[in-house]
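# Coordinates in review
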Amino acid sequence: QIWVGHCLALLGGVLSTGDAPGSDSNFMIGYERGKSDDMPPTQIYYTRLKNQKGLSHDPVKGHHEAEQYPTHEHSKAIAFKARGSFEGLFASGIGLHSRNPMQVLSHTLEHPVWLIVFYARPVGKKGLVAGGTNTAVQVAVMHDVKKVNLYVEEQREKFVAWLKDQLNKKGIPVPPME
């Protein structure tokens, strides 16, 4: 995931994340390694209800507190539709899911990313994945955003080959894989 984040940054991609431990952190490490000085910082969408790093809302720094945006209630409605319900969730859990549409669609909810890359165990045969990542994946499905699940070996291998090809076409040295 670090290598993928690094390559995507080298290709000019901007990372949008929920800053969860694990995969999100690894993508961020890679992105920060590969981004140039003129690129924006990682765009972190978080909820004030579970702000573990104590971030302050500052879009210039890439810190987006979901509740600060007038689109927050609409984002919450999109998350509800993507999940099917909020049953069993505390307010902080609803907050975490409600920020996911902004990760995929931006805080305006009008500018979808062209691709989401994630690492999550598939569940069943309907394109669902385990954990909270499923909300972002279902928002991507609802908005025809391409998806790559690095957990799935075939998708991972194809995406790694694609990244290497894109870097080579642009004359950018392929970083070593970790």
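Anything mentioned here points back to the structure above.
Below, the structure is looked at part by part. Values in this document were obtained by computation on a predicted structure and should not be read as measured data.

## Side note on helix α1 (residues 2-10)
Within an α-helix, residues lying three or four positions from one another point in the same direction, as the helix has 3.6 residues per turn. In terms of residue burial, α1 counts as a mostly covered element, since 7 of its 9 residues are buried. Listed as buried for α1 are I2, W3, V4, G5, H6, C7 and A9. Considering only its buried residues, α1 is in contact with α2 (23-34), β4 (115-118) and α6 (153-169). Positive backbone phi, at 95 degrees, marks G12, one or two positions downstream of α1.

## Details of the nonpolar core
Grouped together as the largest cluster of nonpolar side chains are 21 residues, with contacts concentrated most on V4, V117, L150 and F159. Each residue touching V4, except ones within four places of it in the same chain, is listed here: F27, V117, L150, F159 and L163.

## So, unusual backbone geometry
The phi dihedral of D19 falls on the positive side, at around 65 degrees, and the residue is not glycine. By the element assignment, D19 lies in the loop between β1 (16-17) and α2. Of note in the backbone geometry, L109 takes a positive phi value of approximately 65 degrees without being a glycine. Position of L109 relative to the elements: it lies in the loop between α4 (91-105) and β4.

## Some details on the layout of surface pockets
Its volume calculated, the largest pocket comes out at about 1200 Å³. If you go around the largest pocket, you meet 49 residues; those closest to its centre are S16, T17, G18, D24 and Q103. Counting only elements with at least two residues in the lining of the largest pocket, the list comes to α1, β1, α2, α4, β4, α5 (133-142) and α6. In terms of residue count, α4 provides more of the lining of the largest pocket than any other element does, 7 residues in total. Classifying every residue of the lining of the largest pocket by side-chain character gives 25 nonpolar, 18 polar and 6 charged. Counted as a void, the second largest pocket has a volume near 180 Å³. Around the second largest pocket, the lining comprises 13 residues; the ones closest to its centre are G127, L128, V129, N149 and Q155. Elements with a contribution of two residues or more to the lining of the second largest pocket: β5 (122-123), β6 (128-129) and β7 (146-149). Across the lining of the second largest pocket, the residue classes tally to 7 nonpolar, 4 polar and 2 charged.

About the cut-offs
Residues numbered from 1 in each chain as written. Predicted model: local features only at pLDDT ≥ 70, side-chain atom pairs only at ≥ 80, totals over all residues. Heavy atoms only, no water. Buried < 20%, exposed > 50% of the residue type's maximum accessible area, 1.4 Å probe, protein only. Helix = DSSP H or I, 4+ residues; strand = E, 2+ residues; numbered from the N terminus. Contact = heavy atoms within 4.5 Å. Core = buried A, V, L, I, M, F, W, Y, C linked by side-chain atoms within 4.5 Å. 1 Å grid on protein atoms, 1.4 Å probe; cavity = no way out; pocket = protein on both sides within 12 Å on 5 of 7 lines; lining within 4 Å. Points joined across faces, edges and corners; volume = space filled by probe spheres on them. Nonpolar A, V, L, I, M, F, W, Y, C, P; charged D, E, K, R; others polar.

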